[in-house]
Each structure stands twice: as structure tokens, then as C-alpha cells.
Amino acid sequence: MGDTGRAPSAVPGQEPTPMPRLALYALAVCALAVAAAVVSFVSGSWLGVVWVLLAGLSSNMAWYYIRRAKATETA
């Protein structure tokens, strides 16, 4: 069903677990927000400032989910 946020336990000699789904979604939102900011600024709109703030927020969320996954993997 949904993502429980738990990474599967790693077996020695097995490939590392993939990046958590929420981190991938946050990175996608970040990339789309940066593209929207560029389009807004090129068209002369100050609405791009909001897109830049959204890109910063989603970037921080991606880093958080990546670091959390690494911490639970080593624990």
C-alpha cells in the first residue's frame, strides 16, 4: 500500500537500498520549482521568488529523507 518509511534490512554482500521514495518526490518537486522560477523570471514576473522558496524547502526535505535513510541503515 503506502510507504512506511522503513528501509528493508540490508544483507551483507547485497546491493545498497535505493533512495527513499519521499526523497525522490522532493527532488522532483525541487527540479520543477527551479524550472518554474526560471520561466517566471524570464517572463518578467516576480512570482519566481515563491518558486525559489519552494525549491529551497523541497531541497531541504530531500536532504532530510536521504540522511534519515542513511542513519537507519547504519543503525
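Refer to the structure printed above.
Residues numbered from 1 in each chain as written. Predicted model: local features only at pLDDT ≥ 70, side-chain atom pairs only at ≥ 80, totals over all residues. Heavy atoms only, no water.

### A word on helix α1 (residues 21–42)
Spanning 22 residues, α1 covers 32 Å between terminal C-alpha atoms, matching the ideal 32 Å at 1.5 Å per step. Turning to α1, its buried residues number three or more, namely Ala23, Ala26, Cys30, Ala33, Ala37 and Ser40. For α1, the angular spread of buried residues about the axis comes to 105 degrees, placing them on one side. Pointing more than 90 degrees away from the buried face of α1 are the exposed residues Leu32, Val39 and Val42. Structurally, α1 contributes buried residues whose contacts are with α2 (48–74). Looking at the residues trailing α1, positive phi occurs at Gly44, about 90 degrees. (Helix = DSSP H or I, 4+ residues; strand = E, 2+ residues; numbered from the N terminus. Expected span 1.5 Å × (residues − 1). Buried < 20%, exposed > 50% of the residue type's maximum accessible area, 1.4 Å probe, protein only. Arc of directions from axis to C-beta. Contact = heavy atoms within 4.5 Å.)

### Details of the side chain of Ser40
Along the chain, Ser40 turns up in helix α1. Ser40 sits in the buried class, given a relative accessible area of 10%. Residue contacts for Ser40: discarding those within four places in its chain leaves Ser45, Leu47, Gly48 and Trp51.

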